[in-house]
Amino acid sequence: MRLKRHFKFLAFTASVAVVVILSAFSFTAMWEDPPIIPGSGVTEIKMLSEWLPSIEGTMLDTEVYIIRGAEEGGRFLLLGGTHPNEPGGTLAAVVFVENVSALSGTVYVIPRSNHSAFTHNDAMEGAPQFFSIELPDGSERVFRFGSRRTNPIAQWPDPTIYLHPTGATLGGGEVSNLNRTFPGRRMVTLQRKWPQRS
């Protein structure tokens, strides 16, 4: 009887271990960025940390695609992916990077502006981790579906109350929502260093 109970315990423990390991693989699969293929108009690719060194090596760092025209002109910033669970902005920025060129001026495009939020999705929401779009040739292109908020691994803890730059008070979780940071102010956050992406 005792041996049977030990066997049940070991079988249960092994089952839990398998589920945890499979979940870990599923979770970390979201840390890989699906490719963005820069079009001929992209003249330079930099990391956001070149302007904000404090995010270098963290989940917050992301690519900035620069499209420069041959002539001087104005400057334009296109942010996609402020809410990765709303893929329209990300897709528009990716299409822009892959297809647009400039005659004059400079366009800065950040398709994954809330990069950390692409590395997880909202618990209990039933959202997919990835979605795909069928291309005219019949192949599929895969994109990540993330969260509205930065990954808690990258920015934690959230305050109880978040004081928005306009003076409004919001729930503390909104501090990790990129759309709630405009027009912006300097903030000190806990940011863990993350393995460099290749």
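Residues numbered from 1 in each chain as written. Predicted model: local features only at pLDDT ≥ 70, side-chain atom pairs only at ≥ 80, totals over all residues. Heavy atoms only, no water.

Caption draft 1: Local environment of the packing of aromatic side chains. Under the criterion given, the structure shown has three aromatic pairs. Ring centres of W51 and Y108 lie 6.4 Å apart, and the angle between their planes is 90°; on these two criteria the pair is classed as edge-to-face. On the criterion of sequence distance, the pair formed by W51 in the loop between β1 (44–47) and β2 (63–68) and Y108 in strand β4 (residues 104–110) is long-range, its members being 57 residues apart. Accessibility expressed as a relative area gives 47% for W51, which makes it partly exposed. Between F131 and F143, the aromatic rings sit 5.7 Å apart at their centres with planes inclined by 25°, giving stacked as the arrangement. Of this pair, F131 sits in strand β5 (residues 130–134) while F143 sits in strand β6 (residues 140–144), and the two are 12 residues apart along the sequence. Pairwise contacts between aromatic rings join F131, F143 and F145 into one cluster. (Phe/Tyr/Trp six-rings, centres within 6.5 Å; stacked < 30°, edge-to-face > 60°. Helix = DSSP H or I, 4+ residues; strand = E, 2+ residues; numbered from the N terminus. Buried < 20%, exposed > 50% of the residue type's maximum accessible area, 1.4 Å probe, protein only.)

Caption draft 2: Geometry of the pairing of β4. With respect to burial, β4 is a largely interior element, five of its seven residues being buried. Relative to β4, β2 runs antiparallel, the two being bridged by four bridges. The residue bridging I66 from the neighbouring strand is Y108, located in β4. Chirality of the crossover, the property in question, places the unit of strand β3 (residues 71–79), helix α2 (residues 87–99) and β4 among those that are right-handed. (Pairing = 2+ DSSP bridges. Right-handed = clockwise from strand over helix to strand, strands pointing away.)

Caption draft 3: Quick peek at the confidence of the model for the protein. On average, the protein scores 87 in pLDDT, and the residues at 70 or more come to 91%. Scored below 50 in pLDDT, residues 188–192 shows 12 contacts in the model against residues more than four places distant or in partner chains. (pLDDT = per-residue confidence, 0-100. Contact = heavy atoms within 4.5 Å.)

Caption draft 4: Layout of the environment of G41. Counting through the fold element by element, G41 comes out in the loop between α1 (2–29) and β1. C-alpha separation for the pair G41 and V18, spaced 23 residues apart in sequence, amounts to 47 Å. Not counting residues up to four positions away in its chain, the partners in contact with G41 are I66, I67, R68, V100 and S101.

Caption draft 5: Examining a nonpolar patch on the surface more closely. Where nonpolar side chains cluster on the molecular surface, the patch consists of V18, I21, L22 and F25 and spans about 430 Å² of accessible area. Looking at where F25 falls in the secondary structure, it is placed in helix α1. Of the residues examined, F25 reaches a relative accessible area of 57% and is grouped as exposed. (Patch = residues over 30% accessible without salt bridge, like charges linked within 9 Å, V, L, I, M, F, W, Y side chains within 5 Å. Areas by Shrake-Rupley, 256 points an atom, 1.4 Å probe, with all protein chains shown as cover. Salt bridge = Lys/Arg side-chain N within 4 Å of Asp/Glu carboxyl O.)

Caption draft 6: Seen up close, the environment of D122. Within the element layout of this structure, D122 appears in the loop between β4 and β5. Contacts of D122, omitting those with residues within four sequence positions, involve N85, S147 and R148. Side-chain polar atoms of D122 contact the side chain of S147, separated by 2.5 Å. (Polar contact = N/O pair within 3.5 Å; in protein donor to acceptor, adjacent residues only side chain to side chain.)

Caption draft 7: The pattern of salt bridges, seen in detail. Enumeration over the complete set of coordinates arrives at nine salt bridges. For E44, the salt bridge is made with K46, and the minimal N-O distance between the two is 3.6 Å. Between E44 and R68 there is a salt bridge; the shortest N-O distance is 3.1 Å. One end of the pair, E44, is in strand β1; the other, R68, is in strand β2, and 24 residues separate them in sequence. Exposure remark for E44: the relative accessible area of 27% places this residue in the partly exposed category. Residue classification places R68 among the partly exposed residues on the basis of a relative accessible area of 36%.

Caption draft 8: Examining α2 more closely. Across its 13 residues, α2 extends 18 Å between first and last C-alpha, which sits within 8% of the 18 Å expected from 1.5 Å per residue. Those residues of α2 not exposed but buried are T90, A93, V94, V97 and E98. Taken end-on, α2 shows its buried residues confined to a sector of 130°, consistent with a single buried face. If you follow the buried residues of α2, they end up packed against β2, β3, β4 and β6. (Expected span 1.5 Å × (residues − 1). Arc of directions from axis to C-beta.)

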